[in-house]
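What follows is the residue order along each chain.
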Amino acid sequence: MSAAYLFPGQGAQTPGFLHRLPEHPAVRHTLDEAAGALRLDVLMLDSAEALLSTRNVQLSVLVAGVAVARALAHEGMQVDAAAGLSVGAFGAAVACGALGFADALALVKIRGDCMEQAYPKGYGMAVVAGLDERQVAAILARVGGAHAEVYIASINAPTQLVVSGADRALEAAMQLARERGARRAERLAVNIPSHSPLLHVVSERLAAAMRTVEFHAPQPLYVSNRRARVVRDAAGVREDLILNVENIVHWHDSLTVLYELGVRLFVEPPPGQVLTRLAREAFPMARAMAAEEVPIRSIVQAAQRGRRSV
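The structure reproduced in this document is the subject of the present report. (Residues numbered from 1 in each chain as written. Predicted model: local features only at pLDDT ≥ 70, side-chain atom pairs only at ≥ 80, totals over all residues. Heavy atoms only, no water.)

### Examining the pattern of salt bridges
Right, so step 1: One pass over the structure, following the stated rule, counts 9 salt bridges.
Right, so step 2: The partner of D113 in a salt bridge is K109, and the shortest N-O contact between them spans 3.4 Å. Highlighted residues: D113 and K109, both in helix α4 (residues 101-118), separated by 4 residues, approximately one helical turn.
Right, so step 3: When salt bridges that share partners are traced, they join R55, K109 and D113 into one network. (Salt bridge = Lys/Arg side-chain N within 4 Å of Asp/Glu carboxyl O. Helix = DSSP H or I, 4+ residues; strand = E, 2+ residues; numbered from the N terminus.)

### Let's talk about the packing of helix α1 (residues 25-38) against α4
Right, so step 1: Direction vectors running N to C along α1 and α4 enclose 55°, while the axes themselves pass 10 Å from each other. Viewed along their axes, α1 and α4 adopt a mutual orientation that is oblique. In the crossing of α1 with α4, the sense of the turn from one axis to the other is right-handed. For the pair formed by α1 and α4, the contact residues are T30, E33, A34, A37 and L38 on the first element and F101, A102, L105 and K109 on the second.
Right, so step 2: Class assignment for the residues of the contact of α1 with α4 results in 6 nonpolar, 1 polar and 2 charged. (Axes fitted to C-alpha atoms, helices over the stretch in contact; angles between N-to-C directions. Parallel < 35°, antiparallel > 145°, perpendicular 65-115°, else oblique. Left-handed = near helix turned anticlockwise from the far one by under 90°. Contact = heavy atoms within 4.5 Å. Nonpolar A, V, L, I, M, F, W, Y, C, P; charged D, E, K, R; others polar.)

### Thoughts on the sheet that holds strand β7 (residues 221-223)
Backbone hydrogen bonds are what pair the strands of a sheet, in a parallel or an antiparallel way.
Right, so step 1: Here we have 6 strands laid out as an open sheet, ordered β8-β7-β2-β1-β9-β10, and mixed in their pairing. Two strands bound the open sheet, and with one partner strand each, they are β8 (230-231) and β10 (287-290).
Right, so step 2: For strand β2 (residues 81-84) and β7, the ladder comprises 3 bridges, and the chain directions are parallel. Paired with A82 across the strands is Y222, a residue of β7.
Right, so step 3: Against the sheet, helix α10 (residues 274-282) makes contact with β1 (2-7), β9 (263-268) and β10, and its axis sits at roughly 170° relative to β10, the strand it touches most. (Pairing = 2+ DSSP bridges.)

### Section: the pairing of strand β4 (residues 150-157)
Sheet faces and side chains relate simply in a regular strand, where the side chains alternate between the two faces.
Right, so step 1: Counting buried positions along β4 gives 8 out of 8 residues, so the element sits mostly inside the fold.
Right, so step 2: For β4 and strand β5 (residues 160-166), the ladder comprises 6 bridges, and the chain directions are antiparallel. Its bridge partner being in β5, I152 is matched across the sheet by V163.
Right, so step 3: Where β4 folds back on β5, the antiparallel hairpin that results is connected by 2 residues. (Buried < 20%, exposed > 50% of the residue type's maximum accessible area, 1.4 Å probe, protein only.)

### Looking at the environment of V87
Right, so step 1: Relative to the helices and strands, V87 resides in the loop between β2 and α3 (88-95).
Right, so step 2: Setting aside residues up to four positions removed in sequence, V87 forms contacts with G9, Q10, Q58, V61, V108 and R111.

### Points about the sheet that holds β5
Right, so step 1: Spatial ordering of the open sheet is given by β4-β5-β3-β6, a layout of 4 strands whose pairing is antiparallel. Each having just a single partner strand, β4 and β6 (184-187) make up the two edges of the open sheet. Averaged over all pairs of adjacent strands, the angle between strand axes in this sheet comes to 20°, irrespective of strand direction.
Right, so step 2: Strand contacts of helix α5 (residues 133-143): β3 (123-129), β4 and β5, with the helix running at about 165° to β4, the strand carrying the most contacts.

### Remarks on unusual backbone geometry
Right, so step 1: With an omega of 10°, the peptide bond between Q219 and P220 qualifies as cis.
Right, so step 2: Locating P220 in the fold gives a position in the loop between α7 (200-209) and β7.
Right, so step 3: Note the cis peptide between P270 and P271, where omega equals 5°.
Right, so step 4: Looking at where P271 falls in the secondary structure, it is placed in the loop between β9 and α10.
Right, so step 5: Not every positive phi belongs to a glycine, and S86 is a case in point at roughly 60°.
Right, so step 6: For S86, the location among the structural elements is in the loop between β2 and α3.

Here's what the structure looks like:
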């Protein structure tokens, strides 16, 4: 049985989540490494006040994911692939050996800062569940099309989509979605219009910053959330991390690629359990485990049992 990491993105965070990471030498080492690279106490990044900052959220999500992935590896966990939703792609790149952790921290800091500077207020994201892509696209066209600054940002599942854009357009889209039968239409804890053309300037800034960053061919496999394809070379990972911020996340398709590659154990590093639930719903025959809910040793044992049963 193959296993894969699913690194979450912004929106999965809750106050204090870094303080709830498991006690493990690899976790402590990662926190110390991040503190040295960023020159700050990373445990200050997860307070309710600190998490109002896009930069702090993205940095803390990266740190948490890498810390637990390292702890799992220390205990004998082997994975065959990794994917990350939105900023989670940086955690996936680190886990695949395509990008160094210190470089990932520096790039995510730039990414978060640039997002905040471009859209300090008046924008965000919302989830719509119970309607498909065609129905959501029709709602966005009704709200006002391109002039309304609202876009499909992520296809998490066939009937769970995330939209991104200006506050007023989001409110109108959510109201129309409810009227058309959506079982859920609500704002996410994200205050920037991620995965939309509005963030092209962020991609440009990342491209400039990555010119001097060393990338490597990923091993294990890296699956792009932007293209829903396996990326096998260093240049492909670089391009993916540059462009994913302004493009739609095809998360359901990425999960499908992993499943078709033989993955039957999905492991979600912290924070949250959103990707675990999506994997369970998409592929009931597979097993999905969130590290926030399951002890490290239990995850490793499940992976090892799965490999022995093949």
